[in-house]
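Secondary and tertiary structure notes
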Amino acid sequence: RKQQKLTQKAEDARVVLAESTEAAEKAAQQASEQRATAEVERQSAADARAVATKDREAATEERKQAEDARATAVENRETAEKERAAAEEARAAASEAARKAEGVADNAATSRAEAEKQREAAEHAAKLAFEAKEAAEESRKKADAKYEESMALFKEALERLEKMKDVVTGAGRGK
C-alpha cells in the first residue's frame with residue numbers, strides 16, 4: 001500500500017512535471033512570440049521614426065522654400081516699386097521736357113512772328129525809303145527845273161538890263 005502511494009505520488013509528480021514542462025514550454029513559446037512581436041513593433045517604430053524624420057526634413061525644406069519664395073516676392077515687390085518710381089520719374093521728366101519743348105516751340109513761334117513783323121517793318125521801311133528817295137529825286141528834279149527856270153529868268157533879266165543899259169548909254173551918247 002505504501003508502495004502504491006509512492007507510485008501514485010511519483011505518477012502525480014511526473015504529471016505535475018509534465019504539466020510544468022508543458023507550461024514552461026508554452027511560456028517560452030509565448031515569450032519568443034512576444035519577443036518577435038516586440039522586435040516587429042520596434043522595427044515599425046524605427047521605420048515610423050525614419051518616416052517622421054524624413055517628413056520633418058521635407059517640412060523644413062518646404063518651409064525654407066516658402067521663406068525663400070516670400071523673400072523673393074518681397075524683393076520683386078521692392079524692385080517693381082523702384083521700377084514704378086523710376087517710370088514715374090521718367091514720365092515726369094518727359095512731361096517737363098514736353099512742357100519745355102512747347103515753351104521753346106511757343107518762343108520759336110513768337111520769335112518767328114516777331115521776325116515776320118520785323119521783316120514786314122523792314123520791307124515797309126525800305127518801301128518808305130524808296131518812296132522818300134523817289135520823292136527826293138522828284139523834288140530835286142523840280143528844284144533843278146526851278147533853278148533852271150530861275151537861271152533862265154535871271155539871264156533874261158540880265159539881258160534886258162544889258163539892253164536897257166545899252167539904251168540908256170546910247171541915249172546918253174546921242175546927247
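Residues numbered from 1 in each chain as written. Predicted model: local features only at pLDDT ≥ 70, side-chain atom pairs only at ≥ 80, totals over all residues. Heavy atoms only, no water.

1. Examining the overall build of the protein chain
Of the regular secondary structure elements, the protein chain holds 1 helix and 0 strands. Here the C-alpha atoms of the protein chain give a radius of gyration of 73 Å, more than 25% beyond the 16 Å that 2.2 N^0.38 yields for 175 residues. Burial analysis of the protein chain (175 residues in total) assigns 0% to the buried set. Carbon and sulfur atoms provide 57% of the accessible area of the protein chain, an area that totals close to 15,500 Å². The average position of the 35 basic charges and that of the 39 acidic charges among the side chains of the protein chain differ by 2 Å. (Helix = DSSP H or I, 4+ residues; strand = E, 2+ residues; numbered from the N terminus. Rg over C-alpha atoms; globule rule 2.2 N^0.38 Å. Buried < 20%, exposed > 50% of the residue type's maximum accessible area, 1.4 Å probe, protein only. Areas by Shrake-Rupley, 256 points an atom, 1.4 Å probe, with all protein chains shown as cover. Lys, Arg positive; Asp, Glu negative; His and termini not counted. Charge placed at Lys NZ, Arg CZ, Asp CG, Glu CD.)

2. A look at the pattern of salt bridges
Side chains carrying opposite charge are able to pair once their charged atoms draw close together. Summed over the entire model, instances satisfying the criterion amount to 12 salt bridges. Measuring nitrogen to oxygen at the nearest pair gives 2.3 Å for the salt bridge that ties E11 to R14. Separated by 3 residues within a single helix, E11 and R14 lie in helix α1 (residues 2-174), roughly one turn from each other. Look at R14 and you get partly exposed, because its relative accessible area is 47%. (Salt bridge = Lys/Arg side-chain N within 4 Å of Asp/Glu carboxyl O.)

3. Observations regarding the environment of E148
Looking at the element boundaries, E148 is found in helix α1. Through-space distance from the C-alpha of E148 to that of V15 is 191 Å; in sequence the pair is 133 residues apart.

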